Amino acid sequence: MAISVQNLIKERKYPFIFSLLALILITFLLLTKTQSPIASTLDLVQSRSTSSSSPTSAPPHSVRSSPISSPSTEPPPIHTEPPPIHGDVSWNLCNGAVAVDYIPCLDNFKAIKALKSLRHMEHRERHCPEPSPRCLIPLPRGYRVPVPWPRSRDMVWFDNVPHPKLVEYKKDQNWVRKSGEYLVFPGGGTQFKDGVTHYIEFVEKALPVIEWGKHARVILDVGCGVASFGGYLLDKDVITMSFAPKDEHEAQIQFALERGIPATLSVIGTQRLPFPDNVYDLIHCARCRVHWDANGGKPLMELNRILRPGGFFVWSATPVYRNDERDQNVWNSMVAVTESICWEVVAKTVDSSGVGLVIYKKPVSSSCYGKRKDNNPPLCDQNNRQNISWYTPLDSCLAPLPVDSMGNSYSWPEEWPKRLTSKPPHLSAERDAEEIFYEDTKHWSALVSDVYLEGAAINWSSVRNVMDMNAGYGGFAAALIDMPLWVMNVIPVNGPDTLSVIFDRGLIGVYHDWCESFNTYPRTYDLLHSSFLFKNLTQRCDIMQVAVEMDRILRPGGFVLVQDTVEMINDLTPIFRSLHWSIDLFQEQFLVGKKGFWRPDGRSKI
């Protein structure tokens, strides 16, 4: 005989009623939980953290490789297990010989040891682990808020970058000294015997048309040391992308970024540098230890690829000014390679200290290529060649130099600072492209002045190193141009290619895939800016992975500024809070996170 609810009430079966009500309430909560974006994100984060062994999708380009020192002397590989989940998201601390300075795609020693060749610096190129570690990077003992700019150009806290080997190794060349609690950078270098300021003036005196900060605005410094050349060029309104391989000299790029000078880890090995064709005004090498004639001259041809037509290559090295047999053999090889790619010697001189340099100029048109005795290197087939350089092998051919829609030779951008807001030479020829560019510039100018500098909870006086993770035309960086900071503009490889436009404007940047780790040391940026980046990423990889990378490269006390949809902001908020970042939301589409000094107690091997 069936028992009705009414009979139960009449018979006062209260325990049953309470149980029934509890069951109904639990069912209701389970059904409604999926309606809350924050709750659903927490569930997603937990499930992804416990299943991190599943591989992410492969990048669009599969060829991987980079330069120097035997991998057999490297620390053991880094491994990590997913942290345990107890209710909310929890984290473990990376643990291992290189944990404090860990760079996932450059410290994958297992992959490096498996390489079949090291002849072309393959072991200094990118080899990303799969899956990427999910542990958080520990802080160096005694780490503190960095010395503010401009003092940081000349001195940084030793405890923040506690690497004394370079001090001893370069003690006679005045690169860096240890003084009490500080590392001090006197502005010396292998070729800067009378100081870097004298050397910069020496270069311009050798070729006045360079006009630092007017004609020559965007510079690449190859094998940059501690980046004093780029640091002092800032006084001339020149922005320099300084680069060197990891550990060629201990932590040189880490020193540069701690100083507040633009720099990145890279190498000319078997793959193109992450820059477009024809964008640098000038490229500089002072004893940069690159064999330019190696592998059929491919390293020098890579410089030719990224150098702007009519741009300059400044080479300061002993083969230029010494007459011993070894140096003269190198010089003769350099003559052969530069002539084969139609570079013209426009200056060759020696200064009072005995240091010499030669300055080459790249042609402005392809006419010279057809006049060579031998078609070597040959011209590239433009139909099978892409501009985006991401896991792309070095060219063994010469790309024809660009012409405009009327067939005229490529034109140099306007002098700085006019080039920042004028029409970029590399802007698309499509209809409305120019109008869209100018509207984009106005949009970012208004957004930065009205919202980012006024409404966002950011202490801009503490910000020096900035990264725009999805830079577009570089409007965010352009709007900040009068601030005492610099911006690394990043163009995701799976989106529109606008990086050439950014260089035309007199700004710097790189290609990158945010489903992988960035080529920089931990704790190197004060502010990470992202504008509508994450939607496309979620279709390719786990945003938890991106959050871990953001935590890795952001300094304690640094800021994250995200503009995105309400749904994406809701997805990101609990992840950032799990990292113990303080979070502010405003206007429903802007999230400001501030990273503190918190690090988890648990440890995972890497």
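What comes next is a walk through the structure. All values derive from a computational prediction rather than experimental measurement. (Residues numbered from 1 in each chain as written. Predicted model: local features only at pLDDT ≥ 70, side-chain atom pairs only at ≥ 80, totals over all residues. Heavy atoms only, no water.)

## Details of the state of the cysteines
So, point 1. Scanning all chains against the criterion turns up six disulfides.
So, point 2. Here C94 connects covalently by a disulfide to C135, the sulfurs 2.2 Å from one another. Its S-S torsion of approximately 100° makes the covalent link between C94 and C135 right-handed. Of this pair, C94 sits in strand 1 (residues 93-95) while C135 sits in the loop between helix 4 (109-113) and strand 2 (155-157); the two residues are 41 residues apart in sequence, bridging distant segments of the chain. As far as burial versus exposure is concerned, C94 and C135 are alike and both buried. (Disulfide = S-S within 2.5 Å. Helix = DSSP H or I, 4+ residues; strand = E, 2+ residues; numbered from the N terminus. Buried < 20%, exposed > 50% of the residue type's maximum accessible area, 1.4 Å probe, protein only.)

## A few points about the environment of Y199
So, point 1. Within the secondary structure layout, Y199 lies in helix 6 (residues 196-206).
So, point 2. Under the relative-accessibility criterion, Y199 is labelled buried at 2%.
So, point 3. Sequence-distant contacts of Y199, that is, excluding residues within four places in its chain, are made with Q191, F192, F229, H284, A286, V314, S316 and L357. (Contact = heavy atoms within 4.5 Å.)

## Overview of helix 17 (residues 566-578)
So, point 1. In this model, helix 17 (13 residues) spans 19 Å end to end at C-alpha, consistent with the 18 Å of a helix rising 1.5 Å per residue.
So, point 2. Here helix 17 has its buried residues at M568, I569, N570, L572, T573, P574, I575, F576 and S578. (Expected span 1.5 Å × (residues − 1).)

## A word on the pattern of salt bridges
So, point 1. Scanning the entire structure with this criterion turns up 23 salt bridges.
So, point 2. With a shortest N-O distance of 2.8 Å, R308 and D281 are connected by a salt bridge. Note that R308 is positioned in strand 9 (residues 307-316) and D281 in strand 8 (residues 280-286), a separation of 27 residues in sequence.
So, point 3. Across the pair D281 and R419 runs a salt bridge whose closest N-O atoms are separated by 2.9 Å. Taken as a pair, D281 in strand 8 and R419 in the loop between strand 11 (356-361) and helix 12 (433-452) lie far apart in primary sequence, 138 residues in all.
So, point 4. Owing to a relative accessible area of 1%, R419 belongs among the buried residues under this scheme. (Salt bridge = Lys/Arg side-chain N within 4 Å of Asp/Glu carboxyl O.)

## Notes on the side chain of R272
So, point 1. Note that R272 resides in the loop between strand 7 (263-265) and strand 8.
So, point 2. Within the structure, R272 has its side chain in polar contact with the side chain of D395 (distance 3.2 Å).
So, point 3. Sequence-distant contacts of R272, that is, excluding residues within four places in its chain, are made with E302, R305, R385, Q386, N387, I388, S389, T392, P393, L394 and D395. (Polar contact = N/O pair within 3.5 Å; in protein donor to acceptor, adjacent residues only side chain to side chain.)

## Description of the sheet that holds strand 7
So, point 1. With mixed pairing, seven strands are arranged side by side in an open sheet as 7-6-5-8-9-11-10. Unpaired on one side and paired on the other, strand 7 and strand 10 (344-350) mark the two borders of the sheet. When strand polarity is set aside, the average angle formed by the axes of neighbouring strands in this sheet is 20°.
So, point 2. Judged from the six bridges that link them, strand 10 and strand 11 form a sheet pairing that is antiparallel. Opposite K348, over in strand 11, you have V358 as the bridge partner.
So, point 3. Running at roughly 155° to strand 7, helix 8 (residues 252-259) makes contact with strand 6 (239-244) and strand 7 of the sheet. (Pairing = 2+ DSSP bridges. Axes fitted to C-alpha atoms, helices over the stretch in contact; angles between N-to-C directions.)

Remember that the coordinates give geometry; whether it matters functionally is a separate question.
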